[in-house]
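So you can see what is in the structure, the chains are spelled out below.
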Amino acid sequence: GAMGWLVFERSKSVRAHAPIYFLVGVIGGIGLVIALSALFPQFSPTNIAEQTALQQFHGASAGGGSVYSIQTGDGGVNGQLAAAPLALLTVLARPFPWEAKGVPTMIASIEMTILTFLLLWALLKGRFSAIGAAFLMPPVLFSVMFILVGGIAIGLATTNFGTLSRYRVPIMPFYAVLVVHLSQHTAAAARSLKERGPKARSKTGAMVQTAGSPRAS
């Protein structure tokens, strides 16, 4: 990982083909999981899915006002994978304001609502151009990967907003870095476009005046 980071940071050619290397890394990671499952059956996706489903069952059975559930079908690998996007959304955005039933939950809701607003603003305002910029910065790219893996795992294994707030603490600094980076990129792009606007209009006006002025005889 450190060597890949160093190569990515120092090599311009690697940064230019970042999406390709990202795809290769994902495929390599899947291959590594398959090989690990063959060597250590206890870490196989099937066994992990069964343990996650068991933890979900016990969490839902405990009850409480802050309990939530994510439907995973039969609890197998396919069901857990199908619920992965909702699990990630739960970690990065919930509890929603209408789900808060206490002061700690309300504080967590306000925190996640602010981060969600900033993230959506950065993505929509910049027309998703900030996503491409994330691939050009190794720290931000690492943050994205850490958030995806950690967020899905935490979201699937947690069934209570109280424990969710504690379990997602390790990924929150990386999530904050990602949101700040995307927001700064979008704001910088907006300022650049605003600064180019008057210059372009003044240049166009000068060209029109030059074309419309009478030629000297």
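This structure is a prediction, so every number in the text was calculated from the model and none was measured.

1. Examining the overall build of the protein
Inference 1: In terms of helices and strands, the protein carries eleven helices and zero strands.
Inference 2: For the protein, the residues scored as buried account for 30% of the 217 residues in total.
Inference 3: As displayed, the protein has an accessible area near 14000 Å², and 71% of this comes from carbon and sulfur atoms.

2. Section: the confidence of the model for the protein
Inference 1: The predicted model of the protein has a mean per-residue pLDDT of 74, with 71% of residues at 70 or higher.
Inference 2: Here helix 1 (residues 2-10) stands out as the element of the protein with the lowest mean pLDDT, 52, in contrast to helix 6 (residues 84-93), whose mean of 90 is the highest.
Inference 3: Ignoring residues within four places in sequence, the model shows residues 203-208, a span with pLDDT below 50, making zero contacts including any to other chains.

3. A look at the side chain of Ser109
Inference 1: Mapped onto the elements of the fold, Ser109 is located in helix 7 (residues 103-125).
Inference 2: Under the relative-accessibility criterion, Ser109 is labelled buried at 1%.

4. As for the packing of aromatic side chains
Inference 1: With the rule as written, the count across this model stands at two aromatic pairs.
Inference 2: Centroid distance Phe96 to Trp98: 5.0 Å. Interplanar angle 20°. Geometry classified as stacked.
Inference 3: Overall, Phe96 belongs to the partly exposed group, its relative accessible area being 23%.
Inference 4: Overall, the relative accessible area of 67% leaves Trp98 in the exposed class.
Inference 5: Here Phe146 and Phe174 contribute two aromatic rings whose centre-to-centre distance is 4.5 Å and whose plane-to-plane angle is 40°, an arrangement assigned as tilted. With Phe146 in helix 9 (residues 138-157) and Phe174 in helix 11 (residues 172-212), this pair connects stretches of sequence that are 28 residues apart.
Inference 6: With a relative accessible area of 26%, Phe174 lands in the partly exposed category.

5. So, the nonpolar core
Inference 1: Counting residues in each nonpolar core, the largest one holds 24 residues, and the members touching the most others are Val91, Leu92, Leu115, Leu119, Leu164, Tyr175 and Leu182.
Inference 2: Looking at this core, the elements that each hand over two or more residues are helix 6, helix 7, helix 9, helix 10 (161-167) and helix 11.
Inference 3: For Val91, the contacting residues outside a window of four places in its chain are Met112, Gly151, Ile154, Gly155, Leu164, Arg168 and Ile171.

6. Remarks on the side chain of Glu99
Inference 1: Residue placement: Glu99 occurs in the loop between helix 6 and helix 7.
Inference 2: Engagement of the side chain of Glu99 in a polar contact is seen with the side chain of Arg94, the distance being 2.7 Å.
Inference 3: In contact with Glu99, not counting residues within four places along its chain, are Arg94, Thr105 and Phe161.

7. What about helix 7?
Inference 1: Taking 1.5 Å as the rise per residue, helix 7 with 23 residues should run 33 Å; its terminal C-alpha atoms sit 32 Å apart, in good agreement.
Inference 2: Among all positions of helix 7, only Thr105, Ala108, Ser109, Met112, Leu115, Leu119, Ala122 and Leu123 are buried.

8. Section: helix 6
Inference 1: Most of helix 6 is tucked away, with seven of its ten residues classed as buried.
Inference 2: Listing the buried residues of helix 6 in full gives Ala84, Ala87, Leu88, Thr90, Val91, Leu92 and Ala93.

9. Considering the packing of helix 6 against helix 9
Inference 1: Remark: helix 6 packs on helix 9, axes separated minimally by 7 Å, with the N-to-C direction vectors making an angle of 95°. The angle between the axes of helix 6 and helix 9 places the two elements in the roughly perpendicular class. Taken together, the residues of helix 9 that come into contact with helix 6 (itself represented by Ala84, Ala87, Leu88, Val91 and Leu92) are Ile147, Leu148, Gly151, Ile152, Ile154, Gly155 and Leu156.
Inference 2: Of the residues belonging to the contact of helix 6 with helix 9, the class tally is ten nonpolar, two polar and no charged.

10. Quick notes on unusual backbone geometry
Inference 1: Residues Arg94 and Pro95 are joined by a peptide bond in cis, for which omega reads 5°.
Inference 2: Note on placement: Pro95 falls in the loop between helix 6 and helix 7.

11. A few points about a nonpolar patch on the surface
Inference 1: On the surface, Met106, Ile110, Ile114, Phe117, Leu118 and Trp121 cluster together to form a nonpolar patch covering roughly 570 Å² of accessible area.
Inference 2: Among the secondary structure elements, Met106 is positioned in helix 7.
Inference 3: Owing to a relative accessible area of 36%, Met106 belongs among the partly exposed residues under this scheme.

About the criteria used
Residues numbered from 1 in each chain as written. Predicted model: local features only at pLDDT ≥ 70, side-chain atom pairs only at ≥ 80, totals over all residues. Heavy atoms only, no water. Helix = DSSP H or I, 4+ residues; strand = E, 2+ residues; numbered from the N terminus. Buried < 20%, exposed > 50% of the residue type's maximum accessible area, 1.4 Å probe, protein only. Areas by Shrake-Rupley, 256 points an atom, 1.4 Å probe, with all protein chains shown as cover. pLDDT = per-residue confidence, 0-100. Contact = heavy atoms within 4.5 Å. Phe/Tyr/Trp six-rings, centres within 6.5 Å; stacked < 30°, edge-to-face > 60°. Core = buried A, V, L, I, M, F, W, Y, C linked by side-chain atoms within 4.5 Å. Polar contact = N/O pair within 3.5 Å; in protein donor to acceptor, adjacent residues only side chain to side chain. Expected span 1.5 Å × (residues − 1). Axes fitted to C-alpha atoms, helices over the stretch in contact; angles between N-to-C directions. Parallel < 35°, antiparallel > 145°, perpendicular 65-115°, else oblique. Nonpolar A, V, L, I, M, F, W, Y, C, P; charged D, E, K, R; others polar. Patch = residues over 30% accessible without salt bridge, like charges linked within 9 Å, V, L, I, M, F, W, Y side chains within 5 Å. Salt bridge = Lys/Arg side-chain N within 4 Å of Asp/Glu carboxyl O.

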